[in-house]
Amino acid sequence: TVLVGHSYGTLLAFQVHQRLKEDTSVHVERLVLLGSALSAASRAAMAVFYLPEFLLSRMQPAMTDGFIAAAFHPSAPSELVERERGFANANPMGMCKAFYR
């Protein structure tokens, strides 16, 4: 069995793996974590989501720019990057705030 997690899912995959270690009926041979944000620095960066929602809404374009820069290689197709930028900017900041806190 291979357990794969991406982005925030890396935390979930790691937690599932820890629980499955106690279950002798399931053997996880590989744990693959892609684009993990489990470092202390990334957790500290999430403190921004304690700010009021109106302020987060004003900061959203800059936050999206940071996400795009981290998530895409410079040679990524511009159509794909701009599509993701549109999705990211459409996220309600109240939802983001609840998710990351």
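Here we summarise the structure given alongside this text. (Residues numbered from 1 in each chain as written. Predicted model: local features only at pLDDT ≥ 70, side-chain atom pairs only at ≥ 80, totals over all residues. Heavy atoms only, no water.)

## With respect to the overall build of the protein
Across its full length, the protein carries five helices and two strands. In the protein, the succession of α and β elements from N to C terminus is β-α-β-α-α-α-α. Overall, the C-alpha framework of the protein stretches about 50 × 35 × 20 Å when taken along its three principal axes. Residue burial in the protein is summarised as follows: out of 101 residues, 18% are buried. At a minimum sequence separation of 6, the contacts of the protein that also span at least 24 residues come to 64%. Accessible surface computed for the protein: about 7,300 Å², of which carbon and sulfur atoms make up 61%. Treating the 9 positive side-chain charges of the protein as one cloud and the 8 negative ones as another, the clouds have centres 7 Å apart. (Helix = DSSP H or I, 4+ residues; strand = E, 2+ residues; numbered from the N terminus. Buried < 20%, exposed > 50% of the residue type's maximum accessible area, 1.4 Å probe, protein only. Contact = heavy atoms within 4.5 Å. Areas by Shrake-Rupley, 256 points an atom, 1.4 Å probe, with all protein chains shown as cover. Lys, Arg positive; Asp, Glu negative; His and termini not counted. Charge placed at Lys NZ, Arg CZ, Asp CG, Glu CD.)

## Describing the packing of helix H3 (residues 53-71) against helix H5 (residues 93-100)
The N-to-C vectors of H3 and H5 enclose an angle of 90°; their axes lie 9 Å apart at closest approach. Between H3 and H5, the interaxial angle falls into the category roughly perpendicular. Note on element contacts: H5 touches H3 through Met93, Gly94 and Lys97, opposite Glu53, Leu56, Ser57, Gln60 and Met63. Here the contact of H3 with H5 is built from residues that sort into three nonpolar, three polar and two charged. (Axes fitted to C-alpha atoms, helices over the stretch in contact; angles between N-to-C directions. Parallel < 35°, antiparallel > 145°, perpendicular 65-115°, else oblique. Nonpolar A, V, L, I, M, F, W, Y, C, P; charged D, E, K, R; others polar.)

## Quick look at a nonpolar patch on the surface
There is a patch of nonpolar side chains on the surface, built from Val2, Val4, Val32 and Leu34 and spanning about 320 Å² of accessible area. Mapped onto the nonpolar patch, the elements with two or more residues apiece are strand E1 (2-6) and strand E2 (30-34). Counting through the fold element by element, Val32 comes out in strand E2. Residue class for Val32 comes out partly exposed when judged on its relative accessible area of 31%. (Patch = residues over 30% accessible without salt bridge, like charges linked within 9 Å, V, L, I, M, F, W, Y side chains within 5 Å. Salt bridge = Lys/Arg side-chain N within 4 Å of Asp/Glu carboxyl O.)

## Notes on H3
Owing to its 3.6 residues per turn, the α-helix brings residues three or four apart onto one side. Where H3 bends most, at Met59, the angle is about 50°, and the proline Pro61 comes one to four residues later. Buried residues in H3 make contact with helix H4 (78-90) and H5. (Bend = angle between axes of the 7 residues up to and from the residue.)

## Considering the side chain of Thr64
The residue Thr64 is located in helix H3 in this model. In contact with Thr64, other than residues within four places in its own chain, are Arg85, Ala88 and Asn89.

## Topic: helix H1 (residues 9-20)
Here H1 contains 12 residues, and its C-alpha end-to-end distance of 16 Å stays within 8% of the 16 Å for a straight helix at 1.5 Å per residue. Thr10, Ala13 and His17 are the residues of H1 that are buried. Here the buried residues of H1 occupy an arc of 60° about the axis, which is enough to place them on one side. Turning to H1, the residues buried within the fold contact E1 and E2. (Expected span 1.5 Å × (residues − 1). Arc of directions from axis to C-beta.)

## Digging into the packing of H3 against H4
Relative orientation of the contacting elements H3 and H4 amounts to 140°, with a least axis distance of 10 Å. Overall, the two elements H3 and H4 adopt an arrangement that is oblique. When the axes of H3 and H4 are compared, the crossing they make is right-handed. Of the residues in H4, those touching H3 at Gln60, Pro61, Thr64, Asp65, Phe67 and Ile68 are Val81, Glu84, Arg85, Ala88, Asn89 and Ala90. (Left-handed = near helix turned anticlockwise from the far one by under 90°.)

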